[in-house]
Amino acid sequence: MTYGAELVDDLDPDPDRQRYREEHSWPARLGDFLDAGQVVNDAVISGSNDRILRTTIDWLTGHREIVEKGHLLVVIGWSGAMRREFYVDGDFRQVIPYQQHQHTDVQRLTDVYRELAWHDHESGTRLLTQILSLQSFLRLHRVPYLFFDSIESSFDSLGRAGLAESGGVDMVDRSCFYRFGDADGSMADVLRASGTEWKGRHPAEDGHETWAHKLAAHVVAGRLLRRPTAAPVTAPSGPAFARRRPFRPANRDFLYP
């Protein structure tokens, strides 16, 4: 959803084709709308929130001069809560419970995870912990940021986990989380309702364009390019989740249309 999967053949080695993907995925278009000097798209296909938390902190600690100058906006599209990352055979591997893997040991691990350890409560709890951990890290170092849900709304991920009314939910800074707790607020939900095109399981060029427009408008309206303070988040008044329907079950087709 962030990488720009299926905008071109993902396995095509042609650099011009891959440059086309990079230029038409929403991060590049958002950079255009915000007049950014540079855009770094660090996403991978089937990436987990485990990976997002690890690589974002790793990138920021490796570019401290940029962080300290404040010339930076971090935008995170949180992935499916069921996804995991494990270190296998000398590399970090992304695991989705119902996806097949060519690596034999990763497939063995996926089977065990699916059969013994995958649970909605664990997935939702881990997601909320990851959101609050990265939020705290970014605020501590005064890095402007914006979060959103990519393929499933936090309404469902946290609702199934029994966390919709939890204190942790109240600690999420909703001004920096696009449509947090909205039952239909994920990128996939919004684009599905907008009538934009899809390529397989992922948005086409017009979907990426539409999404970048929506994020840019939110950044400008909320003045999110300003450096945040390190002060704690004040719990908002009113319910974090507007209950308009029951929480949807986890989609075994990876939550895409």
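About the cut-offs
Residues numbered from 1 in each chain as written. Predicted model: local features only at pLDDT ≥ 70, side-chain atom pairs only at ≥ 80, totals over all residues. Heavy atoms only, no water. Helix = DSSP H or I, 4+ residues; strand = E, 2+ residues; numbered from the N terminus. Buried < 20%, exposed > 50% of the residue type's maximum accessible area, 1.4 Å probe, protein only. Contact = heavy atoms within 4.5 Å. Areas by Shrake-Rupley, 256 points an atom, 1.4 Å probe, with all protein chains shown as cover. Expected span 1.5 Å × (residues − 1). Axes fitted to C-alpha atoms, helices over the stretch in contact; angles between N-to-C directions. Parallel < 35°, antiparallel > 145°, perpendicular 65-115°, else oblique. Left-handed = near helix turned anticlockwise from the far one by under 90°. Nonpolar A, V, L, I, M, F, W, Y, C, P; charged D, E, K, R; others polar. Salt bridge = Lys/Arg side-chain N within 4 Å of Asp/Glu carboxyl O. 1 Å grid on protein atoms, 1.4 Å probe; cavity = no way out; pocket = protein on both sides within 12 Å on 5 of 7 lines; lining within 4 Å. Points joined across faces, edges and corners; volume = space filled by probe spheres on them.

Caption draft 1: Quick peek at the overall build of the protein. Helix and strand counts for the protein stand at ten helices and six strands. Projected onto its principal axes, the C-alpha positions of the protein cover 45 × 45 × 40 Å. Residue burial in the protein is summarised as follows: out of 257 residues, 49% are buried. A fraction of 72% describes how many contacts in the protein between residues 6 or more apart in sequence connect residues 24 or more apart. Within the structure as shown, the protein displays about 12,600 Å² of accessible surface, and the carbon and sulfur contribution to it stands at 51%.

Caption draft 2: Helix 5 (residues 104-117), seen in detail. Between the first and last C-alpha of helix 5 there are 19 Å, a value that for 14 residues agrees with the 20 Å anticipated at 1.5 Å per step. For helix 5, the elements touching its buried residues are strand 2 (84-88), strand 3 (91-95) and helix 6 (120-140).

Caption draft 3: Summary view of the packing of helix 3 (residues 49-62) against helix 6. At a minimum axis distance of 10 Å, the contact between helix 3 and helix 6 shows a crossing angle of 10°. Looking at the two axes, helix 3 sits roughly parallel to helix 6. For the crossing formed where helix 3 meets helix 6, the hand is left-handed. Taken together, the residues of helix 6 that come into contact with helix 3 (itself represented by Asn 49, Asp 50, Leu 53, Thr 56, Ile 57, Leu 60 and Thr 61) are Arg 126, Leu 127, Gln 130, Ser 133, Leu 134, Phe 137 and Leu 138. Residues that form the contact of helix 3 with helix 6 fall into these classes: seven nonpolar, five polar and two charged.

Caption draft 4: Here's a closer look at the pattern of salt bridges. Applying the stated criterion across every chain yields a total of 25 salt bridges. The shortest N-O distance in the salt bridge between Asp 120 and Arg 160 comes to 3.5 Å. Here Asp 120 is found in helix 6, whereas its partner Arg 160 is found in helix 7 (residues 154-160), with 40 residues between them in sequence. Take Asp 120: its relative accessible area is 27%, and that puts it in the partly exposed class. Given a relative accessible area of 21%, Arg 160 falls into the partly exposed group. Salt-bridge contacts for Asp 156 lead to Arg 245; the nearest nitrogen and oxygen are separated by 3.0 Å. On the criterion of sequence distance, the pair formed by Asp 156 in helix 7 and Arg 245 in the segment after helix 10 (205-221) is long-range, its members being 89 residues apart. Here Asp 156 matches Arg 245 in class, with each residue buried.

Caption draft 5: Representation of empty space enclosed by the protein in the model. Inspection of the entire model under this criterion finds one cavity of 30 Å³ or more. One number sums up the size of the largest cavity: a volume of about 70 Å³. Residue lining of the largest cavity: eleven residues in total, with Ala 81, Met 82, Asp 120, Ser 123 and Arg 160 positioned closest to the centre. At the level of secondary structure, the elements contributing two or more residues to the lining of the largest cavity comprise helix 6 and helix 7. For the lining of the largest cavity, the element with the most residues is helix 6, which contributes three residues. For the lining of the largest cavity, the class distribution of residues is five nonpolar, three polar and three charged.

Caption draft 6: Inspection of the layout of surface pockets at higher detail. Each pocket or cavity is described by its volume, and for the largest pocket that value is around 1,200 Å³. Lining the largest pocket are 49 residues, with Pro 27, Val 40, Asn 41, Asp 42 and Val 75 positioned closest to its centre. Those elements giving two or more residues to the lining of the largest pocket turn out to be helix 2 (26-33), helix 3 and strand 1 (74-78). Partitioned by chemical class, the residues of the lining of the largest pocket number 27 nonpolar, 17 polar and five charged. Estimated volume of the second largest pocket: approximately 260 Å³. What lines the second largest pocket is Ile 45, Ser 46, Asp 91, Phe 92, Arg 93, Gln 94, Gln 99, Gln 100, His 101, Gln 102, His 103 and Val 106. Per-element accounting of the lining of the second largest pocket gives the leading share, four residues, to strand 3.

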